[in-house]
Amino acid sequence: MLKRFHHRIRGGFGAIALVALFTGGAGGVPDKAPAPDPRSTCCCRDCPDENGGPATSSAHPVGAVSDHVIVISIDGLRPDAIEKYGAKTLQRLIREGAYTLEAQTIYPSKTLPSHTSMLTGVPPEVHGIAFNDRQEGSGVVRVPTMFELAKARGFSTAAFFSKAKFHHLVRPGSLDYWQGPSSNIGHWMATRTVPDAVDYMKHERPNLMFVHVGEPDFAGHTFGWMSFAYKWAVKRADGAVDTVLKAADKTYGRGNYTVIVTSDHGGHDRDHGSDDPRDMTIPWIAWGKGVQAGMALSDSIRTMDTAATALWVLGIAEPESWAGRPVASAYTPEARLAVEQALSGAPAAALR
Ligand SMILES: [Zn+2]
Ligand SMILES: [Zn+2]
């Protein structure tokens, strides 16, 4: 029963949920944030890995376009909500970056299968995550994640998840740090996840970082996509992106990092998961170092391209078996040259 809880928040929980959305109530609703579990909610450079082995340290390798990539996923964000609700940060990133409001997620358009494709570069029939909840005993995804491939090249990695089911994406040794709710029904608001990410960036400078913001999905299930509460959730998510970028400015220096903002699915009525365009269509925005400013992307971009693009920015070729491909058209000729040089083994100096 618990595994269906996320999609069953209705009625009596509405008032509680509304309060949480408007106040930013920390810890998730209606579930309270679980007490930190040092193994299941946090792992860091000083912690042992999941096999009990020593933590690994990175040797500060150099990225091709940028040394720092941040992927932000706003759960359940419909592209048409960005302008309709005046999401100012996202509108700024669109103006200053390269974007499409017609990218496509995978089918079924559900959170865990979709995020798995986003972060592994392959469709559900390859990664095997067809379920959309945390399943004890199902272990971790069977294919490498972008974190793992970056880590293998010596880059540091971090992930801030707002839902417990993301545990299935944490392959041993792939993340220097990660956190997420440990309760099966737990999800955190951005008021918890984002300050934790900001705090982390005060002390660490991850090369590849993922931040998951859950508000729009939560409001959509509870009150309906494009409802009044959904509008506020989108604005909250927009503010969360701004907060992450301000922290990144301090940590990496303004203009010295690259961002991808996207979503796992849209939604309609009070759900998603179908092949309806309102569920399947997602925003995809690249912004920051090496990105072609003010560029409307005509490519047909799919969510698998996010992993391939994040690695490409760091100068790592995606595996040939991947469905995802780098969205090179979002980047300047100089950035593309830098990646070509990096992939051919030449020093990647064009952007330095
Ligand atoms: Zn979702
Ligand atoms: Zn959902």
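These figures come from a predicted structure and were not determined experimentally.

Conventions used here
- Residues numbered from 1 in each chain as written.
- Chains lettered and ligands numbered in written order.
- Predicted model: local features only at pLDDT ≥ 70, side-chain atom pairs only at ≥ 80, totals over all residues.
- Helix = DSSP H or I, 4+ residues; strand = E, 2+ residues; numbered from the N terminus.
- Contact = placed C-beta atoms within 7 Å.
- Pairing = 2+ DSSP bridges.
- Axes fitted to C-alpha atoms, helices over the stretch in contact; angles between N-to-C directions.
- pLDDT = per-residue confidence, 0-100.
- Parallel < 35°, antiparallel > 145°, perpendicular 65-115°, else oblique.
- Nonpolar A, V, L, I, M, F, W, Y, C, P; charged D, E, K, R; others polar.
- Buried ≥ 20, exposed ≤ 12 C-beta atoms within 10 Å, placed from the backbone.
- Core = buried A, V, L, I, M, F, W, Y, C linked by C-beta atoms within 7 Å.
- Arc of directions from axis to C-beta.

Draft legend 1. Up close: the overall build of the chain. Secondary structure assignment for the chain yields twelve helices and eight strands. Long-range pairs, those at least 24 residues apart, make up 71% of the contacts in the chain between residues at least 6 apart in sequence.

Draft legend 2. Broad picture of the sheet that holds strand E3 (residues 157-160). As summarised here, the arrangement of the eight strands in space is E4-E3-E5-E1-E6-E7-E2-E8, forming an open sheet in which the pairing is mixed. Looking along the sheet, the strands with just one partner apiece sit at the ends: strand E4 (177-179) and strand E8 (295-296). Here helix H9 (residues 228-252) sits on the sheet and contacts strand E1 (69-74), strand E5 (208-213) and strand E6 (258-262); the angle it forms with E1, its principal contact strand, is near 170°.

Draft legend 3. Focus on the confidence of the model for the chain. Looking at the chain as a whole, its pLDDT mean stands at 86, while 80% of the residues score no less than 70. Between residues 1-16, whose pLDDT stays under 50, and residues either more than four places distant or in other chains, the model counts 16 contacts.

Draft legend 4. The arrangement of the packing of helix H7 (residues 190-203) against H9 in detail. Contact pair H7 / H9: the axes reach a minimum separation of 9 Å and the direction vectors enclose 5°. Considered as vectors, H7 and H9 are oriented roughly parallel to each other. In contact with Ala190, Val194, Ala197, Val198 and Met201 of H7, H9 contributes Arg236, Ala237, Ala240, Thr243, Val244, Ala247, Ala248 and Thr251. A breakdown of the residues in the contact of H7 with H9 according to their chemical character gives ten nonpolar, two polar and one charged.

Draft legend 5. Representation of the pairing of E1 in the model. Of all six residues making up E1, six are buried, and the element is well covered by its neighbours. In E1, alternate side chains face the same way, and those of Val69, Val71 and Ser73 on one face and Ile70, Ile72 and Ile74 on the other are all buried. Two strands pair when backbone bridges link them, and E1 and E5 are joined in this way by six bridges, in the parallel orientation. Counted as the bridge partner of Val69 is Leu208 from E5. Relative to E6, E1 is paired through five bridges, and the arrangement is parallel.

Draft legend 6. Fine view of helix H11 (residues 304-314). The buried count for H11 comes to eleven of eleven residues, which makes it a mostly enclosed element. For H11, the complete set of buried residues consists of Met304, Asp305, Thr306, Ala307, Ala308, Thr309, Ala310, Leu311, Trp312, Val313 and Leu314. Elements in contact with the buried residues of H11: E1, helix H4 (111-120), helix H6 (146-152), E5, E6 and helix H12 (333-343). One or two positions beyond H11, positive phi appears at Gly315, with a value near 95°.

Draft legend 7. Seen up close, unusual backbone geometry. Residue Tyr107 is joined to Pro108 through a cis peptide bond whose omega torsion reads 5°. Mapped onto the fold, Pro108 is located in the loop between strand E2 (98-104) and H4. Despite not being glycine, Met226 shows a phi value in the positive range, around 70°. The topology assignment puts Met226 in the loop between helix H8 (215-223) and H9.

Draft legend 8. Main features of the nonpolar core. Formed by 95 residues in total, the largest nonpolar core has its most connected members in Ile70, Ile72, Val211, Val244, Ile285 and Leu311. Ranked by residues supplied to this core, first place goes to H9 with eleven residues. Once you skip the residues sitting within four places of it in the chain, Val244 turns out to touch Ile70, Ile72, Val194, Ala197 and Val211.

Draft legend 9. A look at the packing of H8 against H9. Where H8 contacts H9, the two axes come as close as 8 Å, and the packing angle between them is 175°. By the criterion of interaxial angle, the relationship of H8 to H9 is roughly antiparallel. For the pair H8 and H9, contact is made by Glu215, Pro216, Phe218, Ala219, Gly220, Thr222 and Phe223 and by Ala229, Tyr230, Ala233, Val234, Arg236 and Ala237, respectively.

Draft legend 10. Up close: the environment of Lys165. Relative to the assigned elements, Lys165 resides in the loop between E3 and E4. Expressed as a C-alpha distance, the spacing of Lys165 and Glu136, which sit 29 residues apart in the sequence, is 9.9 Å. Among all residues touching Lys165, those that are not within four sequence positions of it are Leu112, Asp133 and Arg134.

Draft legend 11. Focus on the pairing of E5. The buried count for E5 comes to six of six residues, which makes it a mostly enclosed element. The alternating pattern of E5 places Leu208, Phe210 and His212 and Met209, Val211 and Val213 on opposite faces, both of which are buried.

Draft legend 12. Region of the structure containing the environment of Gly214. Take Gly214: it is sitting in the loop between E5 and H8. Sequence separation between Gly214 and Ser73 is 141 residues, and the spatial gap between their C-alpha atoms is 8.4 Å. Once you skip the residues sitting within four places of it in the chain, Gly214 turns out to touch Asp75, Ser162, Lys163, His187, Trp188 and Met189.

Draft legend 13. H12, seen in detail. What H12 keeps buried is the set Ala335, Arg336, Ala338, Val339 and Ala342. End-on, the buried residues of H12 take up no more than an arc of 155°, which puts them together on one face. Exposed positions of H12 whose direction lies more than 90 degrees from the buried face are Pro333 and Glu334. Once H12 ends, the next one or two residues include Gly345, with phi positive near 95°.

Draft legend 14. Region of the structure containing the environment of Arg270. Mapped onto the secondary structure, Arg270 falls in the loop between E6 and helix H10 (277-280). When the C-alpha atoms of Arg270 and Thr222 are compared, they prove to be 6.7 Å apart, with 48 residues separating the residues in sequence. Contact partners of Arg270, with chain neighbours within four places excluded, come to Gly220, His221 and Gly224.

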